[in-house]
Amino acid sequence: MKPLTMSFTGWKRFNTCAHQDYLYKLGKRPKSSDNRNFVKGSVLHELFESWMGLDTDPEWIIENVQVEWKKYLKKHTVMWKNDADEHENYAKAILWAERLVGMLNGLDLDKGRCQIEKYLEYMIEVDGRPVKMLGYVDVLLPTKSGGWTLLDWKFSENKQVMNPYQLVFYSLLLHKQGADEATDDGAFVFPALQKIFPFQVTQENRDWLLQDIERVCRLIFSGYNTPTENKDDCYFCDVKPFCIKQGGSLKSLGTGRVSIL
Ligand code: SF4
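Residues numbered from 1 in each chain as written. Predicted model: local features only at pLDDT ≥ 70, side-chain atom pairs only at ≥ 80, totals over all residues.

### With respect to the overall build of the protein
For clarity, the cut-off: A run of H or I in DSSP counts as a helix once it spans at least four residues, and a run of E counts as a strand once it spans at least two, with each numbered from the N terminus. When we talk radius of gyration, it's over C-alpha atoms, and the globule rule is simply 2.2 Å times the number of residues to the 0.38. Burial in this document is a count-based property: other C-beta atoms within 10 Å of a residue's C-beta are tallied, and the residue is buried at 20 or more, exposed at 12 or fewer, or partly exposed in between, with C-beta positions derived from the backbone. By the criterion used throughout, residues are in contact when their C-beta atoms, derived from the backbone, lie within 7 Å.
The helix and strand inventory of the protein stands at nine helices and six strands. Over its C-alpha trace the protein gives a radius of gyration of 20 Å, about what one expects of a compact globule, namely 18 Å for 261 residues. Across its three principal axes, the protein shows a C-alpha extent of roughly 55 × 50 × 30 Å. Expressed as a percentage of the 261 residues in the protein, the buried residues total 26%. Of the contacts made within the protein by residues no fewer than 6 positions apart, 70% connect residues no fewer than 24 positions apart.

### Concerning the site of the ligand
Let me state the cut-off plainly: Only the C-beta atom matters for nearness: placed from the backbone, it must lie within 6 Å of the molecule or strand for the residue to count as near. Gly is placed with the polar residues, together with every amino acid not listed as nonpolar (Ala, Val, Leu, Ile, Met, Phe, Trp, Tyr, Cys and Pro) or charged (Asp, Glu, Lys and Arg).
Within the structure, the ligand sits among 13 residues, and C17, P227, C234, C237 and C243 are positioned closest to it. Looking at the shell around the ligand, the elements that each hand over two or more residues are α2 (18-25) and α9 (240-247). Among the elements that line the shell around the ligand, the one with the most residues is α2, at three residues. Counted by class, the shell around the ligand contains eight nonpolar, three polar and two charged residues.

### Here's the deal with the packing of helix α1 (residues 8-16) against α2
For clarity, the threshold we go by: Helix axes are fitted only over the stretch in contact, all axes being lines through C-alpha atoms; the angle between N-to-C directions runs from 0 to 180 degrees. When describing relative orientation, an angle under 35 degrees is termed roughly parallel and one over 145 degrees roughly antiparallel, while 65 to 115 degrees is termed roughly perpendicular and anything else oblique.
At a minimum axis separation of 5 Å, α1 and α2 run at an interaxial angle of 130 degrees. As the angle between them shows, α1 and α2 are arranged oblique. When α1 is examined against α2, the residues G10, R13, F14 and T16 are found in contact with a partner set consisting of A18, Q20, D21 and Y24. Residues belonging to the contact of α1 with α2 are distributed by class as follows: three nonpolar, three polar and two charged.

### Quick word on the environment of L134
In this structure, L134 sits in strand β3 (residues 129-142). Distance from L134 to E49, taken between C-alpha atoms, is 20 Å for residues 85 residues apart in sequence. If sequence neighbours within four positions are ignored, L134 has contacts with T5, S7, L120 and E121.

### Thoughts on the pairing of strand β6 (residues 195-200)
In plain terms, the rule: The pairing criterion for strands is at least two bridges between them, as found by DSSP.
Taken together, the six bridges between strand β5 (residues 185-190) and β6 define a ladder with antiparallel strand orientation. Looking at β6, one finds that A187 is bridged to P198. Between β5 and the antiparallel strand that follows it, β6, lie four residues; Q194 among them carries a positive phi value of about 55 degrees.

### Re the confidence of the model for the protein
We apply this condition: Looking at any residue, its pLDDT shows the predictor's confidence there, from 0 to 100.
The predicted model of the protein has a mean per-residue pLDDT of 90, with 93% of residues at 70 or higher. This model gives residues 248-261 a pLDDT under 50, and the stretch forms 24 contacts once residues within four places in sequence are excluded.

### Some details on the nonpolar core
The condition is simple: Definition of nonpolar core: a set of buried Ala, Val, Leu, Ile, Met, Phe, Trp, Tyr and Cys residues joined via C-beta atoms within 7 Å. For the domains described, the bounds stem from an automatic or database domain assignment.
If you look at the biggest cluster of nonpolar residues, it comprises 36 residues, and the most contacted ones within it are M6, L150, Y170, L173 and C217. In terms of residue count, the dominant contributor to this core is helix α7 (residues 164-177) (seven residues). When we break this core down by domain, the ones giving at least three residues each are domain 1 (4-29 + 210-253) and domain 3 (115-121 + 136-209). Not counting residues within four places of it along the chain, the set of residues in contact with Y170 comprises L120, G135, V137 and L150. In this structure, I61, A93, L100 and V101 belong to the second largest nonpolar core, which totals 15 residues.

### Concerning unusual backbone geometry
Here the phi dihedral of E117 falls at roughly 45 degrees; this positive angle occurs in a residue that is not glycine. Structurally, the position occupied by E117 is in strand β2 (residues 115-126). Residue Q194 is not a glycine yet carries a positive backbone phi of 55 degrees. Along the chain, Q194 turns up in the loop between β5 and β6.

### Things to note about helix α8 (residues 203-221)
Condition: Given a helix with a known number of residues, its expected span is that number minus one, times 1.5 Å. The arc in question is traced by the directions running from the helix axis to the C-beta atoms.
Between its terminal C-alpha atoms α8 stretches 27 Å, which fits the 27 Å expected from 19 residues at 1.5 Å a residue. Regarding α8, the residues found buried are I213, V216, C217 and I220. Burial along α8 is one-sided: seen end-on, the buried residues are contained in an arc of 100 degrees. α8 presents Q203, E204, D207 and Q211 as exposed residues on the side facing more than 90 degrees away from its buried surface. In this structure, the buried side of α8 is in contact with β1 (4-6), α1, β2 and β3. Positive phi appears at G223, one or two residues downstream of α8, with a value of about 85 degrees.

Set out below in structure tokens:
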């Protein structure tokens, strides 16, 4: 039996709007959406990863923003509003790169022992059906006391993009895997704000999350896909055109019973 895949994003999406998650699983994603705000983060993420494999100063990141920016634009279609919009975003990428470098100099990373983009996976069974929980940790950072901290980059100026349950999700996977790096310590790193927001994960947090994931899986297995009652959730929904096409009124869609597996 093909397992149901459960990532942190999938779990969060279902809890925001079960119908949105259902449309995603049907592949109803927009061919093009407003990706202008993702360029800076993608470029800096890429540069950070490349730098981790090099024996050079963090300033290398700033020097290579332009090259990576061009590379990104060759591979992706970005819907800039106009030239000024692109220039403004590029200038911000440089500024964020400078701030990122400032933070990296302060962190004094032991590159040889850090792990980046670590893939985590753990299989569970819910009512006899397989569920594959998975995720990628941006950075696993060794601490001076011999333990580990998990870091998640947030290339944004908006603190609301931070959801502590993302760290609980990764901590849960590391603990369940019995990994040497299993840790209760995590942090969101905001280079744009030059701030680190640390979080301590408890066993209670992990237990709660696992129970909630099981609850979500049961609902998905039963075909539950009721649209959210909260219209604010619809504002940033990129499958809204499909949702409207199906039901006209978002609230009148009712509960569907279509099997997605
Ligand atoms: S538009 Fe609203 S109700 Fe429809 S899928 Fe998106 S979030 Fe859910």
